[in-house]
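Here is how the chains run, residue by residue.
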Amino acid sequence: MNPQVDKMTSFLVMDVLEKANEMQRNGIDVIHLEVGEPDFDVSQCVNEAVGQALANHETHYTHSLGLVELREEIAQLYKREYGVDVDPDCIVATTGSSPAILFLMLMLCEPGSEVILSNPGYACYKNFVLAAHAKPVYVSLSADDGFQFNVEEIKKSITPKTAAIFINSPMNPTGTLLNPQFMAEVAKLGVPVISDEIYHGLVYGGAKAHSILEYTGDAFVLNGFSKRFAMTGLRLGYLIAPKRYMPTLQKMQQNFLICASSEAQRAGIAALRDTSDYHAQMLKAYDERRLYMLDRLKAMGFRIPHNPEGAFYVFADARRFTGDSLRFAFDVLENAHVGITPGIDFGSNGEGFVRFSYANSIENIREGMNRLERYLQKL
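Residues numbered from 1 in each chain as written. Predicted model: local features only at pLDDT ≥ 70, side-chain atom pairs only at ≥ 80, totals over all residues. Heavy atoms only, no water.

1. Notes on the pattern of salt bridges
(1) Moving on: Following the criterion strictly, the structure yields 19 salt bridges and no others.
(2) Moving on: A salt bridge links Arg266 to Glu58; the shortest N-O distance between them is 2.8 Å. Here the residue Arg266 occupies a position in helix H10 (residues 262-274), and Glu58 occupies one in the loop between helix H3 (44-55) and helix H4 (68-82), the gap between them amounting to 208 residues.
(3) Moving on: The partner of Glu81 in a salt bridge is Arg228, and the shortest N-O contact between them spans 2.6 Å. With Glu81 in helix H4 and Arg228 in the loop between strand S7 (220-224) and strand S8 (237-240), this pair connects stretches of sequence that are 147 residues apart. (Salt bridge = Lys/Arg side-chain N within 4 Å of Asp/Glu carboxyl O. Helix = DSSP H or I, 4+ residues; strand = E, 2+ residues; numbered from the N terminus.)

2. Overview of the packing of helix H5 (residues 98-108) against helix H9 (residues 246-256)
(1) Moving on: The N-to-C vectors of H5 and H9 enclose an angle of 125°; their axes lie 10 Å apart at closest approach. Between H5 and H9, the angle falls in the class oblique. Crossing of H5 over H9 shows right-handed handedness. Counted together, Phe103, Leu106 and Met107 of H5 and Thr248, Leu249, Met252, Gln253 and Phe256 of H9 form the full contact between these two elements. (Axes fitted to C-alpha atoms, helices over the stretch in contact; angles between N-to-C directions. Parallel < 35°, antiparallel > 145°, perpendicular 65-115°, else oblique. Left-handed = near helix turned anticlockwise from the far one by under 90°. Contact = heavy atoms within 4.5 Å.)

3. A word on empty space enclosed by the protein
(1) Moving on: One pass over the full model with this rule turns up two cavities of 30 Å³ or more.
(2) Moving on: Approximately 50 Å³ is the volume found for the largest cavity.
(3) Moving on: Along its surface, the largest cavity is lined by Leu77, Ile198, His200, Asn223, Gly224, Phe225, Arg228, Phe229, Tyr238 and Leu272.
(4) Moving on: Of the residues contributing to the lining of the largest cavity, the split by class is six nonpolar, three polar and one charged.
(5) Moving on: Roughly 30 Å³ of volume is contained in the second largest cavity.
(6) Moving on: At three residues, the largest contribution of residues to the lining of the second largest cavity is made by helix H11 (residues 276-300).
(7) Moving on: A per-class count over the lining of the second largest cavity returns four nonpolar, three polar and no charged. (1 Å grid on protein atoms, 1.4 Å probe; cavity = no way out; pocket = protein on both sides within 12 Å on 5 of 7 lines; lining within 4 Å. Points joined across faces, edges and corners; volume = space filled by probe spheres on them. Nonpolar A, V, L, I, M, F, W, Y, C, P; charged D, E, K, R; others polar.)

4. Details of the layout of surface pockets
(1) Moving on: Space inside the largest pocket adds up to approximately 540 Å³.
(2) Moving on: As for the largest pocket, its lining consists of 27 residues, of which Phe11, Gly36, Tyr122, Tyr199 and Lys227 are closest to the centre.
(3) Moving on: Of all elements in the fold, only helix H2 (12-25), H5 and helix H6 (125-131) reach the threshold of two or more residues within the lining of the largest pocket.
(4) Moving on: As a volume, the second largest pocket reaches approximately 200 Å³.
(5) Moving on: The wall of the second largest pocket is formed by 17 residues, among which Lys126, Tyr138, Asp345, Phe346 and Gly347 lie closest to the centre.
(6) Moving on: Put simply, the parts of the chain that give the lining of the second largest pocket at least two residues each are strand S3 (114-119) and H6.
(7) Moving on: Per-element accounting of the lining of the second largest pocket gives the leading share, three residues, to S3.
(8) Moving on: Of the residues contributing to the lining of the second largest pocket, the split by class is eight nonpolar, seven polar and two charged.

No statement about biological role is implied by the geometric values presented.
Below you can see the structure in the form of C-alpha cells.
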C-alpha cells in the first residue's frame, strides 16, 4: 500500500450522505442539507444540446484540450465578467475540476514539496497534495476575521519548498468572498497561485467575486459547470494555465483522460451561450433560501460569524450545542433525520462548526429547520 494513500482522510460529508441514503432505503425520510450539489435540473438548452450531440453521433474523442468552441466560450466568459483576456489554447477541459487539481499537484510538486492551504478549507485539497507526495501546510482562518486570509501569515508559511498556494472564493465551506486587496497581494508573492473559482456565478446581495486573473496572468484557475450550471453528473470542468505549462498539462490529459466527454462539452457550450435567464432564476432562489436559513439558524442559537456572500453554504458555530461536530452531525441525522456536514471535515479550525447547504428546495429547507429546532429543544 502506498503510504501516501494511508495518510488520506475520508470525505466526511460523504460518510454522512451514505448513512442518510441507507436510512432512506429503510423508509426514513431524510432532509439533505449536507451535500453541495444543486437541486436544479440542467436547463432546457443543455438538455437539448446533449440530445443533439447524440443524434449527430458526436460521441467520439475530441481534441485533448477540449473543443475549440468550448474553450473560446470560456475565454469570452472571463472577458465578459472580469475584463481579462484568456487564450483559448491556455484552457484544458477536464472531467470535472478534480482531475485538474490532480494535474496541477503532479506538475508543480515533487516529493517533499509544500502546498499552502487554508484551515478551514475544502476537505479534498489535502488529499490531492498527498497524492503528489507533497505536504499540506495550513494557514489558519478565523471566524472573527470573516474567514479572510491574512497575507502576512501566508508569507510566514512560504519556504524554499513551497510549490503552490491554494485560494478559493467564494469559499467552501464558509461562503466567504476573498478581499480584492488580498488577491492583489498574494499574486505578488512569487509562488504559483491556484484559484478555485468553481462557485463563481453564485454570489448574492450585490457582492462581486474576483478572479485571480484580474491581478496576474501567471496563475492557475480551476472552474467548471457543476455548481453554476447544475451540471454535476455531466462532469465538465476546466483549468486555465500560463502558456508555458500547457504542453505538460496536455501530455497529462492525453495520457490520463484523453479528453472530456464530447456530449458534456457540447452541453457546456450551450450553457455558456444560452442560460443567463435560467441562471438568474437559480440565483434568486438560492438567495431566498440563504436568507431564510440564516434567520432560522440564528433564532435557534447558532452563531453565524460571517454571513455567506457566495456558494450555497452556511458555516454555523454550533459550540453552544457541541464540541464534537462529527458526533453532533450523526446525532442530528439519526434523531432529527436532517443531514448536515461536520465542521471538522474542513480542518481543525472547523471543529465546533457545522455546514448547512441551501442547495435544496425552500420547502425542504423549511422542514429541515423545523426538525432541527425540535431536536435542539430536546437537548
